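# Per-entry structural report
Okay, here's what each chain looks like letter by letter:
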Amino acid sequence: MGTKAVGAQAAPHLALIGAGIAGLSCATLLQQAGLEVSLFDKGRGVGGRMSTRRGDGWQCDHGAQYFTARHPEFRAEVARWQRAGVAGQWQPRLWLFDGDATAGRESTVERFVGTPAMTAPARHLARTLRVQAPATIRQIRQQAPGWQLLSAEHGWLEPHFAVVLLAAPAPQAPTLLPQRAPDLVALASSAVMRACWALMLRFAAPVDLPFDAAFVNQGPLRWIARNSSKPGRSGDETWLLHARAEWSEAHLEEDAESVAATLLHAFGQLGGPTPESWTAHRWRYADTEPALAEGCAWRPDAGLGLCGDWLNGGKVEGAWLSGRMLAEQVLRSFARC
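Throughout what follows, the structure given in this document is the object of discussion. (Residues numbered from 1 in each chain as written. Predicted model: local features only at pLDDT ≥ 70, side-chain atom pairs only at ≥ 80, totals over all residues. Heavy atoms only, no water.)

## Focus: the pattern of salt bridges
Using the following cut-off: Any carboxyl oxygen of Asp or Glu that lies within 4 Å of a side-chain nitrogen of Lys or Arg is treated as forming a salt bridge with it. For the purposes of this entry, the term helix denotes a DSSP run of H or I that reaches at least four residues, the term strand denotes a run of E that reaches at least two, and both are numbered from the N terminus. In this scheme, a residue with accessible area under 20% of its type's maximum is buried, one over 50% is exposed, and one in between is partly exposed, where area comes from a 1.4 Å probe on protein chains only.
Inspection of every chain in the model, using the stated rule, returns 18 salt bridges. E110 is the salt-bridge partner of R75, the closest N and O atoms lying 3.1 Å from each other. Within this pair, whereas R75 is found in helix α2 (residues 72-83), its partner E110 is found in the loop between β7 (101-105) and β8 (111-114), the two being separated by 35 residues in sequence. Among the residues examined, E110 registers a relative accessible area of 31% and is labelled partly exposed.

The following block contains the structure:
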């Protein structure tokens, strides 16, 4: 690969674009192995869709609502997060609204959340990493002795990177990947990511509803949750409404006021009261349908790779495992150099 092996005098410098859970997982393992890693994210912080919105006296998770842990490696990681105080188990009173049928659901699924906010695990992972945010990467070019990145905020960055890894939503990858990687471009272009409108509701007092979360199979809504029921939360009572992907796609470019009016009406039909105030957020790339099963993609000849939940079944667990898989493949390549 034209770079020094791990343990040599100068560790290779890698760039990783995207500081969501996949990127953070990947960077953590690479750094633990002795490589130098710089992460770049266009957001103001880390976590991607493991996101929490904060205001004056309130907070609300408006991206990923919870995560499960089935793979042994991820279960061990979640246990580490719990010991660090950045994750906890959430046991909501769960309902299902399905047409004319309404019923409580007994669930054996273990649901975890970040504590005291969904962003906490990402911030925990990032504490020992080199993260530049906001840093919007616009272009990648090959420039001896490696790759160079163009940042919207800082122009062409001075470091030359031996490897560039992308942990970004699939639709963003083709515009960044160079012509040297047509197969990676084709792979990212094959993933269909869908949007989701999120509405955060704030109340002056606890809402009198017999459930804390519900799956909704009618109307524009797909999921509603009492954010305040999650462990470690403080501040005013907040609820989160997620619209169905199909509805969100059909109304993607509508203004927030008309979207909120429709979602609040649907919430009202399920017994929800009118909030004191609300905040809307449009996720353009919320999930992948269907999610791919590649795990990750690594091209050692080019020094380019991809990871993300969209490559590994979706969800937080899939993202974390995808990042780890990519890091392992990169490390094996360097070990052979």
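Further notes follow.
## A word on the sheet that holds strand β20 (residues 304-306)
Condition: In this scheme, strands are said to pair when DSSP sees at least two bridges between them. Note on definitions: angles span 0 to 180 degrees between N-to-C directions of axes, and those axes are lines fitted to C-alpha atoms, for helices only across the stretch in contact. Should any heavy atoms of two residues lie within 4.5 Å, those residues are considered in contact.
Within the open sheet, the 6 strands sit side by side as β9-β2-β1-β13-β20-β19. Their pairing is mixed. Both edges of this open sheet fall to β9 (130-132) and β19 (297-299), since each of them pairs with a single strand only. Here the average twist between neighbouring strands, direction ignored, is 20°. Sitting on the sheet, helix α1 (residues 21-32) touches β1 (13-17), β2 (36-40) and β13 (163-166), and the angle it makes with β2 is about 165°. The strands that helix α8 (residues 315-335) touches are β1, β13, β19 and β20; relative to β19, the one it contacts most, it runs at about 20°.

## A short note on the pairing of β1
Short version of the rule: With the strands aimed away from the viewer, a crossover counts as right-handed if its path from the first strand over the helix to the second runs clockwise.
Burial analysis of β1 places 5 of its 5 residues in the buried class, the great majority of the element. Residue alternation in β1 divides its side chains into two sets, H13, A15 and I17 and L14 and L16, and both sets are buried. Examined bridge by bridge, β1 and β2 share 5 bridges and lie parallel to one another. In the strand pairing of β2, L14 is matched with V37. Handedness of the crossover is the feature at issue here: the chain leaves β1, passes through α1, returns alongside β2, and the resulting connection is right-handed. In terms of strand pairing, β1 meets β13 through 4 bridges, oriented parallel. The residue bridging A15 from the neighbouring strand is V164, located in β13.

## Quick look at the layout of surface pockets
What counts, and what does not: The rule is simple: put a 1 Å grid over the protein atoms alone, call a set of points where a 1.4 Å probe fits but cannot get out a cavity, call an open set with protein on both sides within 12 Å along at least five of seven lines a pocket, and count a residue as lining if it has an atom within 4 Å of a point. Grid points are joined across faces, edges and corners, and a volume is the space filled by probe spheres set on the points. Throughout this entry, Asp, Glu, Lys and Arg are counted as charged residues, while Ala, Val, Leu, Ile, Met, Phe, Trp, Tyr, Cys and Pro are counted as nonpolar. The remaining residues, Gly among them, count as polar.
When its volume is computed, the second largest pocket comes out at roughly 270 Å³. As for the second largest pocket, its lining consists of 15 residues, of which T28, Q32, E77, R80 and L125 are closest to the centre. Among the elements that take part in the lining of the second largest pocket, α1 stands out by supplying 5 residues, more than any other. For the lining of the second largest pocket, the per-class residue count stands at 5 nonpolar, 6 polar and 4 charged.

## Observations regarding the nonpolar core
We apply this condition: Nonpolar core, defined: a set of buried Ala, Val, Leu, Ile, Met, Phe, Trp, Tyr and Cys residues in which side-chain atoms within 4.5 Å join the residues together.
In terms of nonpolar packing, the biggest core is built from 60 residues, with I21, L24, L30, F67, W81 and L165 touching the most fellow members. The element best represented in this core is α8, accounting for 9 residues. Apart from residues lying up to four places away in sequence, L165 is in contact with L14, A15, L16, I17, C26, L30, W298, L304, G305, L326 and V330. Within the second largest apolar cluster, 29 residues are counted, among which are F161, L292, A302 and W310.

## Regarding the state of the cysteines
To keep it simple, the criterion reads: Put simply, a disulfide is two cysteine sulfurs that come within 2.5 Å.
One pass over the full model with this rule turns up 0 disulfides. No disulfide involves C196; its nearest neighbouring cysteine sulfur is the one of C60, lying 12 Å away. Here C296 stays unpaired: no disulfide links it, and the sulfur of C307, its closest cysteine neighbor, is 7.5 Å away.

## As for the packing of α1 against α8
Note the following rule: Two helices that cross are described as forming a left-handed crossing if the nearer one is turned anticlockwise from the farther one by less than a right angle, and a right-handed crossing if clockwise.
In the contact formed by α1 and α8, the axes pass within 7 Å of each other and the chain directions differ by 35°. Handedness of the α1/α8 crossing: right-handed. Facing I21, A22, S25, C26, L29 and L30 of α1, the residues of α8 in contact are V316, A319, W320, G323, R324, L326, A327, E328, V330 and L331. When its residues are assigned to classes, the contact of α1 with α8 shows 12 nonpolar, 2 polar and 2 charged.

## Structural notes on the packing of aromatic side chains
Where two aromatic rings form a pair, the distance of their centres and the angle of their planes describe that pair. Using the following cut-off: Centres within 6.5 Å make a pair out of two Phe, Tyr or Trp rings, where for Trp the six-membered ring is used; the pair is then stacked when the planes are under 30 degrees apart, edge-to-face when over 60, and tilted otherwise. Comment: the charge-over-ring label is applied if NZ (Lys) or CZ (Arg) is within 6 Å of the ring centre and within 35 degrees of the ring normal.
One pass over the structure, following the stated rule, counts 15 aromatic pairs. Their ring planes at 50° and their centres at 6.3 Å tell us that Y66 and W90 sit as a pair that is tilted. Placement of Y66 in the loop between β4 (58-61) and α2 and of W90 in strand β5 (residues 87-90) is noted, with a sequence separation of 24 residues between them. Here the aromatic rings of F74 and W81 are separated by 5.7 Å at their centres, their planes lie at 90°, and the arrangement is edge-to-face. W81 shares its class with F74; the two are buried. Put simply, the rings of F67, F74, W81, F112 and W320 pair up and form one aromatic cluster. Positioned over the ring face of W58 is R202, at 4.2 Å from the centre of the ring.

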